[in-house]
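# Observations on the three-dimensional arrangement
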Amino acid sequence: MIEGLDRTPLTRDFFDRPVLEVAPDLLGRTLVRITGDGPIELRLTEVEAYAGEIDPGSHAFRGRTARNSVMFGPPGHAYVYFTYGMWHCLNLVCGPEGVASGVLLRAGEVQVGAELSRKRRTSARSDRELAKGPARLATALDIDRGLNGTDAIAHSGAPLSVLHGTPPPRDLVRNGPRTGVGGDGAAHPWRFWIDGDPTVSLYRPHAPRRRAT
């Protein structure tokens, strides 16, 4: 157990707020993943906010579908999607039920269970890279679509939960454009990270795909 870590679980009310309040407030919180091999705990260091039907960068921009229905609530649930035919990404749903929004978990520091994450992230050159980026984070925590819709509000035996953790001082929280988001959503400064933390991923602007000729 990490000394000084506040292990009080976050409540439903924490997530039942506007996404631009929840996203920076998730920094420093502890995400607990219970796997078949044991627990993994990760301190969140980088996130991105997605505001549903008012946000061109969001999966829910054009309304509810079978894929994005979890984003419409209730808050505090996991939205897991599959991308590029190979990677999973983990989001936490927030805001009032019926209004789609969520926070993409982009990076974090594995503080418990690093030996389990290393087995899944064999290409990581150091523990700093285990969860440095959203696909790496999901891989390190053994996240897949089977966890889509999971309630992350702590209860006995829950595969996911979020603890109070150790939030950073507010003067260390930075924000800027979201990684890889193009079009009308590119300008939103809705990526939040802890300044100077070595687990934060590199910013990459959107690069349009080239069409085959």
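On a predicted model such as this, the values are computed, not experimentally measured, just so you know.

### A short note on the overall build of the protein chain
In terms of helices and strands, the protein chain carries four helices and nine strands. If you list the helices and strands of the protein chain from N to C, you get β-α-α-β-β-β-β-β-α-α-β-β-β. Taken over C-alpha atoms, the radius of gyration comes to 16 Å for the protein chain, in line with the 17 Å a tight globule of 213 residues would show. Along the first, second and third principal axes, the C-alpha atoms of the protein chain reach 50 × 40 × 35 Å. By residue count, 51% of the 213 residues in the protein chain fall in the buried class. For the protein chain, the proportion of contacts with a sequence separation of at least 24, taken over those separated by at least 6, is 63%.

### Digging into the pattern of salt bridges
Here the structure, examined in full by the defined rule, presents 15 salt bridges. The closest approach of N and O atoms between Asp151 and Arg12, which form a salt bridge, is 2.9 Å. Taken together, the positions of Asp151 in the loop between α4 (134–140) and β7 (160–165) and Arg12 in helix α1 (residues 12–15) put the pair 139 residues apart, joining distant regions of the chain. Since its relative accessible area comes to 30%, Arg12 is described here as partly exposed.

### Observations regarding the environment of Glu48
Examined against the element boundaries, Glu48 turns out to sit in strand β3 (residues 38–50). Sequence separation between Glu48 and Ala138 is 90 residues, and the spatial gap between their C-alpha atoms is 15 Å. Not counting chain neighbours up to four residues away, the residues in contact with Glu48 comprise Gly102, Val103, Leu104, Arg106, Arg178, Thr179, Trp190 and Arg191. A distance of 2.6 Å separates a polar side-chain atom of Glu48 from the backbone nitrogen of Thr179.

### Some points on a nonpolar patch on the surface
On the surface, Tyr84, Met86 and Trp87 cluster together into a nonpolar patch covering about 380 Å² of accessible area. Structurally, the position occupied by Met86 is in the loop between β4 (78–83) and β5 (87–93).

### Thoughts on the state of the cysteines
By the definition in use, this model includes zero disulfides. The thiol of Cys89 is unpaired, and the distance to the nearest cysteine sulfur, on Cys94, comes to 16 Å.

### Topic: the pairing of β3
The buried count for β3 comes to twelve of 13 residues, which makes it a mostly enclosed element. Note: strand β2 (residues 30–35) against β3, six bridges, orientation antiparallel. When the sheet's bridge partners are listed, Leu31 is paired in β3 with Leu42. Hairpin connection, β2 to β3: the antiparallel pair is bridged by two residues. Relative to strand β6 (residues 102–112), β3 is paired through nine bridges, and the arrangement is antiparallel.

So, how was this worked out
- Residues numbered from 1 in each chain as written.
- Predicted model: local features only at pLDDT ≥ 70, side-chain atom pairs only at ≥ 80, totals over all residues.
- Heavy atoms only, no water.
- Helix = DSSP H or I, 4+ residues; strand = E, 2+ residues; numbered from the N terminus.
- Rg over C-alpha atoms; globule rule 2.2 N^0.38 Å.
- Buried < 20%, exposed > 50% of the residue type's maximum accessible area, 1.4 Å probe, protein only.
- Contact = heavy atoms within 4.5 Å.
- Salt bridge = Lys/Arg side-chain N within 4 Å of Asp/Glu carboxyl O.
- Polar contact = N/O pair within 3.5 Å; in protein donor to acceptor, adjacent residues only side chain to side chain.
- Patch = residues over 30% accessible without salt bridge, like charges linked within 9 Å, V, L, I, M, F, W, Y side chains within 5 Å.
- Areas by Shrake-Rupley, 256 points an atom, 1.4 Å probe, with all protein chains shown as cover.
- Disulfide = S-S within 2.5 Å.
- Pairing = 2+ DSSP bridges.

So far we have only geometry, and geometry alone does not tell us how the molecule works.
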